[in-house]
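Chains, contacts and geometry: an overview
Here is how the chains run, residue by residue.
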Amino acid sequence: MQVIVVDTAQDVAMLGADHICRLLSKKDNAVLGLATGSTPIALYQELIERYRRKEVMFRSAHSFNLDEYVGIAAEHLQSYRFFMNQQLFEHIDIQLKNTHVPDGMIDPIQAADDYEALINAAGGIDLQVLGIGRNGHIGFNEPSSSLGSLTRIKTLTPDTIRDNSRFFSADEFQPRLAITMGIGTILRAKKALLLATGASKADAIQAMVEGPLSASCPASALQLHANAVVIVDKEAGAKLVNHEYYHWVRAETDQLIVGLK
Ligand code: GLP
C-alpha cells in the first residue's frame with residue numbers, strides 16, 4: 001500500500017487526477033471505477049478542468065460506480081446516478097451508454113448479480129476510486145462485510161444513515177439499503193485509489209493503514225491489494241503513526257524514478 005499524505009484537500013484531488021489521467025493517456029478505453037460522496041467532488045472538478053484544457057479525453061472510457069441506493073430512481077436528486085451525471089458525466093465527453101451505476105429500482109437482487117457480470121464482461125476495472133466512511137466502509141460495505149463479497153445488497157448502519165441524512169430533507173424517504181460492489185469486487189480492480197480528507201476520517205485512515213486486516217474496518221482489505229494508493233490530506237492522515245516513513249518512502253521512490261529515467 002502506498003500512503004501519500006499531502007497538505008490540502010486540493011492536493012489530494014490534483015494527485016488523484018494525475019493517476020486517472022496517466023491511465024487514460026496509456027489506455028484511452030480504460031474502465032474506471034468511480035465513487036460518490038463529498039470527497040471525490042474536487043477530483044471530478046479537476047478532471048473537468050483538465051478535460052476543458054484538452055489534457056484528457058474520456059470518449060472511449062467506461063465507468064462503473066461503486067454503489068447505489070435501493071428504492072430511489074435514477075432521476076431522484078439523491079440518487080448516485082444523478083450525482084455522477086451532475087458532478088462529472090455532463091461536463092466531459094464520456095459516452096453515457098458507457099457509464100454504469102447499479103439499478104436499485106426494479107429487481108435489486110438480480111441487478112446486483114447482473115452488475116458483477118457486467119464488470120467482468122468489460123474486462124474488469126482498471127482503476128477504482130474510493131472514499132472511506134467514518135466507520136471504515138468502502139462503497140457501502142459496512143463493518144462485518146465479508147472480505148470476499150461480490151456486488152450485493154447491504155443494509156446501511158445507523159451511523160451511515162445519519163452521516164448521509166445531510167443530503168435528504170427531513171420529510172424525504174431515505175433508503176436503508178444499497179447495492180454495492182463487494183470488497184472482493186473492489187480487490188479485483190487492477191489499481192485502487194482511496195482518497196480521504198478532513199479530521200473526521202483520521203481514525204478510519206489509521207485503522208485502514210496501520211490496524212489489523214479485519215472485516216471490522218472494511219477498507220483494511222486494501223492491505224491485500226497489490227496496487228493500492230492512499231492519498232490523504234494532513235487532517236485525515238493526522239493519526240497515522242508511521243507518518244515519517246510514508247514521506248520517506250515517497251521521497252525515495254521519486255529519486256528512484258528520476259534515477260531510472
Ligand atoms: C458514502 C459512499 C462511500 C463514500 C462515503 C464517504 O456512504 N457510499 O462510497 O466513500 O459515503 O463519503 P464522503 O466522501 O462524503 O465522506
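Before going further, it helps to examine the pattern of salt bridges. Inspection of every chain in the model, using the stated rule, returns 11 salt bridges. A salt bridge links R188 to E116; its shortest N-O distance comes to 3.4 Å. Placement of R188 in helix α6 (residues 183-188) and of E116 in helix α4 (residues 108-121) is noted, with a sequence separation of 72 residues between them. On the basis of relative accessible area, E116 is assigned to the buried category, the value being 7%. Across the salt bridge formed by D126 and K190, the nearest N and O atoms sit 3.4 Å from each other. Linking D126 in the loop between α4 and β6 (127-130) with K190 in the loop between α6 and β9 (191-196), this pair joins segments that are 64 residues apart in sequence. Within the structure, one salt-bridge network assembled from shared partners comprises D18, E46 and R50.

So, about the environment of F167. Here F167 lies in the loop between α5 (158-164) and β8 (177-180). Residue F167 is classed as partly exposed on the basis of its relative accessible area, which comes to 36%. The spacing of F167 and L77 is 90 residues in sequence and 9.2 Å in space, taken between C-alpha atoms. Excluding its chain neighbours within four sequence positions, the residues that come into contact with F167 are S38, Q78 and E172.

We now examine the pairing of strand β3 (residues 62-65). Both strand β2 (residues 31-34) and β3 contribute to a ladder of four bridges, which runs parallel. Its bridge partner being in β3, L32 is matched across the sheet by S63. Where the polypeptide runs from β2 across helix α2 (residues 39-52) and back to β3, its parallel neighbour, the crossover connection is right-handed. Summarising the sheet, β3 and strand β5 (residues 99-100) pair through two bridges and their orientation is parallel.

The rules we used
- Residues numbered from 1 in each chain as written.
- Predicted model: local features only at pLDDT ≥ 70, side-chain atom pairs only at ≥ 80, totals over all residues.
- Heavy atoms only, no water.
- Salt bridge = Lys/Arg side-chain N within 4 Å of Asp/Glu carboxyl O.
- Helix = DSSP H or I, 4+ residues; strand = E, 2+ residues; numbered from the N terminus.
- Buried < 20%, exposed > 50% of the residue type's maximum accessible area, 1.4 Å probe, protein only.
- Contact = heavy atoms within 4.5 Å.
- Pairing = 2+ DSSP bridges.
- Right-handed = clockwise from strand over helix to strand, strands pointing away.

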